[in-house]
Amino acid sequence: AEEQLDIWAQRAGAEIVRKDKADSASVVYEAIKKAQNEGYNVLIIDTAGRLQNKFNLIEELKKIKNVISKNASDSIVESILVLDANLGQNGLSQAKVFGEAIDITSVALTKLDGSAKGGIILAVAKEYGLPAKLIGVGEKIDDLKDFNPDEFIEAIF
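Now for a look at the structure at hand. (Residues numbered from 1 in each chain as written. Predicted model: local features only at pLDDT ≥ 70, side-chain atom pairs only at ≥ 80, totals over all residues. Heavy atoms only, no water.)

1. Here we look at the sheet that holds strand β2 (residues 106-110)
Put simply, the rule is: When DSSP finds two or more bridges between two strands, those strands count as paired. The way it works is that DSSP assigns letters per residue, a run of H or I at least four long becomes a helix, a run of E at least two long becomes a strand, and they are numbered from the N terminus. Note on geometry: axes are lines fitted to C-alpha atoms, helical ones only across the stretch in contact, with angles between N-to-C directions running from 0 to 180 degrees.
Spatial ordering of the open sheet is given by β1-β2-β3-β4, a layout of 4 strands whose pairing is mixed. Of all the strands in the sheet, just β1 (80-84) and β4 (144-146) have a single pairing partner and so form its edges. Here the strands of the sheet are splayed against their neighbours by 25° on average, with no regard to which way each runs. Pairing geometry for strand β3 (residues 132-136) and β4, over 3 bridges, is antiparallel. Its bridge partner being in β4, G136 is matched across the sheet by L144.

What follows is the structure, given as C-alpha cells:
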C-alpha cells in the first residue's frame, strides 16, 4: 500500500510524507507541520486498511483525529469514509464503527467499474445522514468523480 501511495503521489505531482513502521499519529503530525511550514492548501491523510473489527486500528484512528484537532484546528477538516461497492451490508457496520470513532463528513464509493451496483451508499446515507461525495469508476487518476445522484440512480436501474 505504501508503494502505491508513492506512485499516486508522483502521478498527481504531490509530495508525500511517509515513515515506514512509524506511529501513524506521529507521521500525521509531521505532515501537518510540513503543510503549515510550506504553505500547502490541501493535506490528504490516507488511513487505508482499517477494518471496523480491529480495535487497535480504530484507537489509532482516534489518536490521528486528536493530532489533527490539536495541530490544525483552524483548518477545514473533512473525514471521508471510503467504501468498496462490493461490500454490501457490511458497509453499514463500517459506517457505524468509524462514525463512532471520528466525525465522518461524507462517503466515497469505489469499484463502481465492476459488477457492483453500490446500493449500500443509499443505506449509509439514510441510516447515518452521510452525504455521498465521490465515486471511483476505475484506476486512473481521473476515475475519481463527484457523486451525481441522478446519474447514480439511473445507473442502478
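2. As for the side chain of D84
This is how it is decided: A 3.5 Å cut-off defines polar contacts: any pair of N or O atoms within that distance qualifies, except that in protein one atom must be a possible hydrogen donor and the other a possible acceptor, and neighbouring residues in sequence count only when both atoms are side-chain atoms. We call two residues contacting when some pair of their heavy atoms lies within 4.5 Å.
With respect to the helices and strands, D84 occurs in strand β1. Separated by 2.7 Å, the side chain of D84 and the backbone nitrogen of N86 make a polar contact. Excluding residues within four positions of it along the chain, D84 makes contact with L109, T110 and K111.

3. Quick word on helix α2 (residues 24-37)
Worth spelling out the cut-off: For a helix, the expected span equals 1.5 Å multiplied by the residue count minus one. Each residue is assigned to one of three classes by its accessible area relative to the maximum for its type, calculated with a 1.4 Å probe on protein chains only: buried under 20%, partly exposed between the two thresholds, exposed over 50%. By arc we mean the arc of the directions from the helix axis to the C-beta atoms, nothing more.
For α2, spanning 14 residues, the distance from its first C-alpha to its last is 20 Å, which sits close to the expected 20 Å at 1.5 Å a residue. Every buried residue belonging to α2 is among A25, V27, V28, A31, I32 and A35, and all of these are buried. Projection of α2 onto a plane perpendicular to its axis shows the buried side chains occupying an angular sector of 155°, all on one side. In the core, the buried residues of α2 are packed alongside α3 (55-71). In the segment just after α2, G39 is the residue with positive phi, at about 70°.

4. Some thoughts on the nonpolar core
Going by this rule: Among the buried residues, those of types Ala, Val, Leu, Ile, Met, Phe, Trp, Tyr and Cys that are joined through side-chain atoms within 4.5 Å form a nonpolar core.
Of all hydrophobic cores here, the largest spans 21 residues; its most connected members are L109, V124 and F152. At the level of secondary structure, the elements contributing two or more residues to this core comprise α3, β1, α4 (90-101), β2, α5 (120-128) and α6 (149-156). Setting aside its immediate chain neighbours within four residues, V124 contacts L83, G91, L92, A95, V107, G129 and L130. Formed by 7 residues, the second largest nonpolar core is a distinct cluster that contains A25, V28, I32 and I68.

5. Considering the pattern of salt bridges
The condition is simple: Salt bridges are defined as contacts in which a side-chain nitrogen from Lys or Arg sits within 4 Å of a carboxyl oxygen from Asp or Glu.
The tally for this structure, following the rule as stated, stands at 11 salt bridges. A salt bridge links E3 to R18, with the shortest nitrogen-to-oxygen separation between them at 4.0 Å. With a gap of 15 residues between them, E3 in helix α1 (residues 2-12) and R18 in the loop between α1 and α2 connect regions that are remote in the sequence. Given the relative accessible area of 26%, R18 is considered partly exposed. Taken together, the shared-partner salt bridges in this structure form one network comprising E3, D6, R18 and D20.

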